[in-house]
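This is what each chain is made of:
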Amino acid sequence: MVKLAKTAGFCFGVDRAVNLVYDLVNKGERVCTLGPIIHNSQLVEDLEGKGVKIIDDISQCPEGYTVVIRTHGVEKQVIDNAQLNNVDFINATCPFVLKIHRIVSEQPEGTVTLIAGDANHPEVLGIRSYCKGESYVFKNQQELENILAAQNLSEKNSLICVAQTTFSLKEWKKCEKILKKLYTNCRIYSTICNATADRQEEAAKLSQQADAMIVIGGRHSSNTCKLRDVCKANAATFLIETADELKSIDLSPYKVIGVTAGASTPSVIIKEVLKTMSEEIIEKEVETTSAVTEEVVETAETADKADKAAVKASADGEATFEEMLEESFREDENSKVVKGTVVNITPTEVFVDVEGRKQTGVIAFDDLSSEPISKPEDAVSIGETLDLVIMKTDDSEGVLKLSKKLVDQFKGWEKIVAAKESEEVLEGNVVSVVKGGVIVVAKGSRVFVPASLTGVPRGQELDVLKGTTVRFKVIDVNTSRRRAVGSIKVVANEEKKAQQEALWATLEEGQKLTGTVKSLTSYGAFVDIGGMDGMIHISELSWSRIKHPSEVVNVGDVVEVTIKKLDDENKKISLGFKKIEDNPWEILKRDYPVGTDCKAKIVSIASFGAFANIIPGIDGLIHISQISWERIKTPADVLNVGDEVDVRIIDIDFDKKRVSLSMKERIEKPEDTIEILSEEEDAE
């Protein structure tokens, strides 16, 4: 049995860089890469065949070419030189590597940086170029201990530790434990790429279940070599770059064989290795998952007959496509696979010249394609040579009734089975909604997607998918009945995870973003910031006390937020919403200095005084001695909650958030009044 790791193959960063180069080439642009774009000789050779040049230095860039910076990045001075000399370049450095550059470059001058990784690897050389002080590289626990013994780092004011994105997760945990024990002042950043960590963890588990492991990838690829080391601890392990290398390996003694691949290994190489292992070397089937397949009824009796016979012919895996079709019509001498060249197209039929036959070949519109088409020209063109099945010979009319649709279905089924084994993402059209799910047509075959795997929320009608193009994976095949089950949801989840990983690498505390309110709870609001959700706690929504977030925001509102905290371990984002200019204490400082006269509303009364609201969010205290010039026993004798009174601000303590108010300062002293009257009487 062969077990393929789910995480095998391109990671996000590599996939992004490779697609970038291919897109440039397909647009007709001239491209060169600063060193190999990834550590995979087969892919690099393919790019060279398409005209992509490899240069070792920016100065070697030919005129008119665009330089692409490779995934593991380059040293800072390389970027600086390119900008200084106006070189046209695109930086395809993995976002997770760029995040490490940002971490070390933002440290204070003189910071000592410890780097877990390979000192000679381009990624580590790039990281060191951004350090603002001494830097030391260690590749394992022993080397870290040697550095710590030789260097007196305890006296350093600023000490940090980062890791190469492809560093061994197991080794990192050992080193992290030492640093936490010996240097409590060291700030440790876990910068191993999530894809690397997931791949290593899965490889470790898979190798514990397998008798042998095949690791596919470049021998110069750091992450591939790490996978080999992880697997070697549990099972016999073989590192190969291509399927041809399997010829020199005897896998017959091993019952269960696990297969994984480095982050720079193209899917086409993985598929070729699996195919070689299955068909030429060990002749064991690739493990499949069990699932219930929806019954799909074929309406054409002839097609149903062909399907069943073809399945029988392919049961032992030996028959070729043409042999399967030949087998399906063995009892009828007139029915067989033929080739025909399209000579005429009408709105309802396609006419072909059939090789070796004198009769005219006719393909009815309904027999043209398994895919939805609106006119024959969508499926065929004049002069095109097609594989066809003779459905019926009509000697009276001298014509052969042919089907291209049936051929497409057989060819498509082979691709569906291959897609299941390689976990390839397919595209197909949703042609109908059936009981329990939808039918998707891809590669000429029908695939059933259960309602729970469509991604449509529970309770919502599946009709929203009908007629749309969807991306999905085949999760189960029943070869005896030629039935397949797919999942749209698993692809959507994988793409969302990749999007979230890419977004996470760009996030920083203090960063301002625009998002959409997704949902409200009693304790806060969740905001979609572009593929990930962050939470605004209720205390961050308003400067004044509120009972529920709906008093400030509603679902669907577009809001500006600030990242207050990033929880890297749990991937949680805390957001801030309150603006400093809306802070009532800032408003008080600006508009209500000491000595300001204003109106205030009594909100509560105590034995020592009354509290009055000046502006929303700020209450001031009118001490009992400041209520009246006359002596009063209790504030309640002259004031009631809800009264609006004239006050003067007599003191503000911004540190303790206290405001003192006076009512009596707004009225004249009784003594002053008596004194003035006496003076007037004397004058008379």
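Residues numbered from 1 in each chain as written. Predicted model: local features only at pLDDT ≥ 70, side-chain atom pairs only at ≥ 80, totals over all residues. Heavy atoms only, no water.

Visitor: Looking at this structure, I do not really get helix α5 (residues 122-129). What am I missing?
Guide: Since there are 3.6 residues in each turn of an α-helix, residues three or four apart along the chain are aligned in direction. Taken together, the buried positions of α5 are occupied by Glu123, Val124, Gly126 and Ile127. Along the long axis of α5, the arc covered by the buried residues comes to 160 degrees, so they all point the same way. Its buried side turned inward, α5 meets α4 (95-105), β6 (112-116), β7 (135-138) and β8 (159-163). (Buried < 20%, exposed > 50% of the residue type's maximum accessible area, 1.4 Å probe, protein only. Helix = DSSP H or I, 4+ residues; strand = E, 2+ residues; numbered from the N terminus. Arc of directions from axis to C-beta. Contact = heavy atoms within 4.5 Å.)

Visitor: What is the right way to read the pairing of strand β11 (residues 236-240) from this model?
Guide: The two faces of a sheet get side chains in turn, since along a regular strand they alternate between them. In the sheet, strand β10 (residues 212-216) pairs with β11 via five bridges, with the strands oriented parallel. Note on β11: the bridge partner recorded for Ile216 is Ile240. Where the polypeptide runs from β10 across helix α9 (residues 222-232) and back to β11, its parallel neighbour, the crossover connection is right-handed. (Pairing = 2+ DSSP bridges. Right-handed = clockwise from strand over helix to strand, strands pointing away.)

Visitor: Got a minute to help me understand the sheet that holds β11 in this structure?
Guide: One open sheet accounts for four strands, arranged β1-β12-β10-β11; its pairing is parallel. The open sheet is flanked by β1 (2-4) and β11, the only strands paired with a single partner. Going across the sheet, the axis of each strand differs from the next one's by a mean of 20 degrees, ignoring polarity. Judged from the five bridges that link them, β10 and strand β12 (residues 257-261) form a sheet pairing that is parallel. Paired with Ile214 across the strands is Val259, a residue of β12. On the sheet, helix α8 (residues 194-209) packs against β1, β10 and β12 and is oriented at approximately 165 degrees with respect to β12. (Axes fitted to C-alpha atoms, helices over the stretch in contact; angles between N-to-C directions.)

Visitor: Would you mind showing me how to read the packing of aromatic side chains here?
Guide: Aromatic rings in a pair are described by how distant their centres are and how their planes are angled relative to each other. Under the definition given, this model contains four aromatic pairs. On the basis of an interplanar angle of 90 degrees and a centroid distance of 6.2 Å, the ring pair of Phe608 and Phe611 is categorised as edge-to-face. A residue is classified by how much of its surface remains accessible, and Phe611, at 28% relative accessible area, is partly exposed. The ring of Phe654 has Lys589 lying over it, and the distance from NZ or CZ to the ring centre is 5.1 Å. One cation-aromatic arrangement involves Lys657 over Trp585; the distance from NZ or CZ to the ring centre is 5.7 Å. (Phe/Tyr/Trp six-rings, centres within 6.5 Å; stacked < 30°, edge-to-face > 60°. Lys NZ or Arg CZ within 6 Å of the ring centre and 35° of its normal.)

Visitor: What am I meant to see in the nonpolar core here?
Guide: The tendency in soluble globular proteins is for nonpolar side chains to be buried side by side. Counting 24 residues, the largest nonpolar core has Leu34, Ile58, Val67, Val104, Ile115 and Val162 as its most contacted members. When residues of this core are traced back to their parent elements, those giving at least two are β2 (31-34), β4 (66-69), α3 (76-84), α4, α5 and β8. Other than its neighbours up to four places away in sequence, Leu34 contacts Ile55, Asp56, Asp57, Ile58, Val67, Val68, Ile69, Arg70, Val74 and Val78. Val21, Leu47, Ala92 and Phe96 belong to the second-largest nonpolar core, a separate cluster that totals 23 residues. (Core = buried A, V, L, I, M, F, W, Y, C linked by side-chain atoms within 4.5 Å.)

Visitor: Honestly, empty space enclosed by the protein in this entry has me stumped. Any pointers?
Guide: A water-sized probe rolled over the atoms picks out the places where empty space is left. This structure, assessed with the given rule, holds three cavities of 30 Å³ or more. There is about 300 Å³ of room inside the largest cavity. Secondary structure elements with two or more residues in the lining of the largest cavity: α1 (12-26), α8 and α9. The element best represented in the lining of the largest cavity is α8, accounting for three residues. Taken together, the residues that form the lining of the largest cavity break down as nine nonpolar, twelve polar and two charged. (1 Å grid on protein atoms, 1.4 Å probe; cavity = no way out; pocket = protein on both sides within 12 Å on 5 of 7 lines; lining within 4 Å. Points joined across faces, edges and corners; volume = space filled by probe spheres on them. Nonpolar A, V, L, I, M, F, W, Y, C, P; charged D, E, K, R; others polar.)

Visitor: Explanation requested: the side chain of Ser168 in the structure shown.
Guide: Along the polypeptide, Ser168 turns up in the loop between β8 and α7 (169-182). There is a polar contact of 3.2 Å between the side chain of Ser168 and the backbone nitrogen of Glu171. (Polar contact = N/O pair within 3.5 Å; in protein donor to acceptor, adjacent residues only side chain to side chain.)

Visitor: When you look at the pairing of strand β17 (residues 399-403) in this model, what are you seeing that I'm missing?
Guide: Extensive coverage of β17 is indicated by the burial of four of its five residues. Note that strand β15 (residues 360-364) and β17 share four bridges and pair parallel. Each bridged residue has a counterpart across the sheet, and for Val362 the counterpart in β17 is Lys401.

Visitor: Please explain the sheet that holds strand β26 (residues 558-567) as it appears in this structure.
Guide: As a general point, the strands of a sheet are linked pairwise by backbone hydrogen bonds and lie either parallel or antiparallel. Around the barrel, five strands lie side by side as β23-β24-β25-β27-β26; this closed barrel has mixed pairing. On average, each strand axis in the sheet is inclined to that of its neighbour by 55 degrees, with strand direction left out of account. The pairing of β26 with strand β27 (residues 572-576) spans five bridges and is antiparallel. Across the sheet, residue Leu566 finds its bridge partner in β27, namely Ile573.

Visitor: Help me understand unusual backbone geometry, please; the structure alone is not making it clear to me.
Guide: Even without glycine at this site, Glu423 takes up a positive phi of about 60 degrees. Mapped onto the elements of the fold, Glu423 is located in the loop between α13 (405-422) and β18 (425-434). Even without being glycine, Lys571 reaches a positive phi, approximately 55 degrees. With respect to the element layout, Lys571 can be found in the loop between β26 and β27.

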